[in-house]
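Here is how the chains run, residue by residue.
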Amino acid sequence: QVYKGLDIITNKVSPQEQRLCRHHMISFVDPLVSNYTVVDFRDKAVALISFHTAACLAEQIWASHLYGQTCHRDQYIFARDKIPIVVGGTNYYIESLLWKVLINTKEKTSSAPGLGSDRKVELEQLDSAELHRRLNQVDPEMAAKLHPHDKRKVARSLQVFEETGIPHSEILHQQQEEEGGGPLGGPLKYPHSCILWLHADQAALDARLEKRVDDMLAAGLLEELRDFHRRYNRQKVAENRQDYQHGIFQSIGFKEFHEYLISEGNCSPETSALLLQKGIQALKQVTKRYARRQNKWVRNRFLKRPGPNVPPVYGLEVSDVQRWEEDVLKPALEIVESFIQGREPPAEPLKMEHDATENKRSHRVCELCDRLIIGDREWA
């Protein structure tokens, strides 16, 4: 009943949930597409949410060209007087829907994920020092903000300049100066948004994540990994061109079993069993580490974000799943209902103090260990 009539944009869903309400953007990108980006996600998701006929038509053409799919107007959420529910995972992707913060350098008519080369990936093949030197020549302001070893961000800034002819820093300044913009980006896309943050005690969360990995194994994770390895990865490994930094291969749950998958059938059962246990433990560790990183992101980006253009964040305590109805479901429904009716929710949004004077991009060099440190907090 909770799901009935909702529209969900998510990559985390069970078959049972899909039967209860309409889910969008499930299983629509080929696994071997390596350059599907947050910009591609944002463009497709925003068009699905949109109530503008022109945007709907553009998305139909784009989806047909890119994914071989035909979209119909009744798919668009606002057009049907529905409310989109965007469900995590990756908080960076959620940010791309909330704020005007991304720069689109792809020409939709000529470049699609999986077709042609990805300039950012090409740039990342260069030496870190050379990359940073090139960026410093065309955009010294952005070069001063980025760590020389952060190849991904340096390469992205270079890509933005190469494909737009405008320094990345200048485009970001333009976004921030728009009406409703702020220090960390442009204005909100949808002014009447709210964020529900499900958080748990760390010990309870860790135990739940470990059990989740065990449940995945019981549900057939190993066979899925073997099948994926045979179909998509074995040949890459044989040709020594495996890349665990891009595309689906960087996903948690695959690369942790690399040694096990490439040695299975070529080593003793004892060695294989040890490599399997090593993969399982690695998966549990990296899953818990990722969960911590997600929570840190919420605190630093949503709760400490300066400026008025931040949706309210409501915390829902999920440590005790036996109290789901009282602690999560009931208050969540009350909050959303209040927003729909235009009144103040009964719950108070979360707030965290932030230091307005903190410089997240300051550069300092530790002479003892010869390291460049970015940001006041890291230096402290």
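The structure reproduced in this document is the subject of the present report. Since the model is a prediction, treat every value here as computed from it, not as a measurement.

Conventions we followed
Counting starts from 1 at the beginning of each chain's written sequence and moves along it residue by residue. Two thresholds apply to this predicted model, a pLDDT of at least 70 for residue-level local features and 80 or more for giving and counting side-chain atom pairs, whereas whole-chain, interface and lining totals are computed over all residues. Side-chain descriptors were evaluated using all non-hydrogen atoms of the structure, hydrogens and water having been removed beforehand. In DSSP terms, a helix is any run of H or I states spanning at least four residues, a strand is any run of E spanning at least two, and both are numbered starting from the N terminus. Think of it in three bands: with a 1.4 Å probe and only protein chains considered, a residue is buried below 20% of the maximum accessible area for its type, exposed above 50%, and partly exposed in between. The contact rule is simple, with two residues in contact once any of their heavy atoms fall within 4.5 Å. What makes a salt bridge here is a side-chain nitrogen of Lys or Arg within 4 Å of a carboxyl oxygen of Asp or Glu, nothing more. Note on terminology: a nonpolar core comprises buried Ala, Val, Leu, Ile, Met, Phe, Trp, Tyr and Cys residues joined through side-chain atoms within 4.5 Å. Each patch is built from salt-bridge-free residues with over 30% relative accessible area, joining like charges within 9 Å and nonpolar side chains (Val, Leu, Ile, Met, Phe, Trp, Tyr) within 5 Å. Here the open area of atoms and residues is found with the Shrake-Rupley method and a 1.4 Å probe, where only the protein chains shown may cover a residue. When DSSP finds two or more bridges between two strands, those strands count as paired. Note on ring pairs: Phe, Tyr and Trp rings are taken, using the six-membered ring of Trp, and paired if centres are within 6.5 Å. Classes follow the plane angle, with under 30 degrees stacked, over 60 edge-to-face and the rest tilted. Both a distance and an angle decide whether a charge sits over a ring: NZ of Lys or CZ of Arg must be within 6 Å of the ring centre and within 35 degrees of the ring normal.

Negative phi characterises most residues that are not glycine, and trans characterises most peptide bonds. Residues other than glycine seldom take positive phi values, yet Asp81 does so here, at roughly 55°. You can see Asp81 is positioned in the loop between helix H3 (53–67) and strand S3 (84–86). Here the phi dihedral of Asp370 falls at roughly 55°; this positive angle occurs in a residue that is not glycine. Within the secondary structure, Asp370 sits in the loop between strand S6 (363–366) and strand S7 (371–374).

All right, on to the side chain of Ser128 then. Note that Ser128 resides in helix H6 (residues 128–138). For Ser128, a relative accessible area of 17% translates into the label buried. When neighbours within four sequence positions are excluded, Ser128 is seen to be in contact with Pro148, His149 and Lys151.

Looking now at the pattern of salt bridges. Between side chains of opposite charge, pairing is possible as soon as their charged atoms come close. For the coordinates displayed, the defined rule picks out 24 salt bridges. Two residues, Asp214 and Lys284, come together in a salt bridge whose shortest N-O distance is 3.0 Å. Taken together, the residues Asp214 in helix H10 (residues 202–218) and Lys284 in helix H13 (residues 269–303) connect sequence positions 70 residues apart. Judged by its relative accessible area of 38%, Asp214 is partly exposed. Connected through shared salt-bridge partners, Glu210, Asp214, Lys284 and Lys288 make up one network.

All right, on to the nonpolar core then. Nonpolar side chains in soluble globular proteins tend to end up buried together. Counting 17 residues, the largest nonpolar core has Leu225, Phe254, Phe257 and Tyr260 as its most contacted members. When residues of this core are traced back to their parent elements, those giving at least two are helix H11 (221–238), helix H12 (258–263) and H13. Setting aside residues up to four positions removed in sequence, Phe257 forms contacts with Leu222, Leu225, Leu276, Gly279, Ile280 and Leu283. In this structure, Leu98, Trp197, Val298 and Leu303 belong to the second largest nonpolar core, which totals 13 residues.

This paragraph deals with a nonpolar patch on the surface. There is a patch of nonpolar side chains on the surface, built from Leu196, Leu198 and Trp324 and spanning about 250 Å² of accessible area. Tracing the backbone through its elements, the reader meets Trp324 in helix H14 (residues 324–341). What makes Trp324 partly exposed here is its relative accessible area of 37%.

Strand direction decides the pairing type here: S6 and S7, joined by four bridges, are antiparallel. Paired with His363 across the strands is Ile374, a residue of S7. Hairpin geometry of S6 and S7 is characterised by an intervening segment of four residues between the two adjacent antiparallel strands and by a positive phi of about 55° at Asp370.

To continue, consider the packing of aromatic side chains. A complete count under the given rule lists eight aromatic pairs for this structure. Note on Phe228 and Tyr232: the rings are 4.7 Å apart at their centroids and 45° apart in plane angle, and the pair reads as tilted. Taken together, the residues Phe228 and Tyr232, both in helix H11 and four residues apart, mark about one turn of the helix. With respect to class, Phe228 is no different from Tyr232; both count as buried. Above the face of the Phe28 ring, Lys44 is positioned so that its terminal group lies 5.4 Å from the ring centre.

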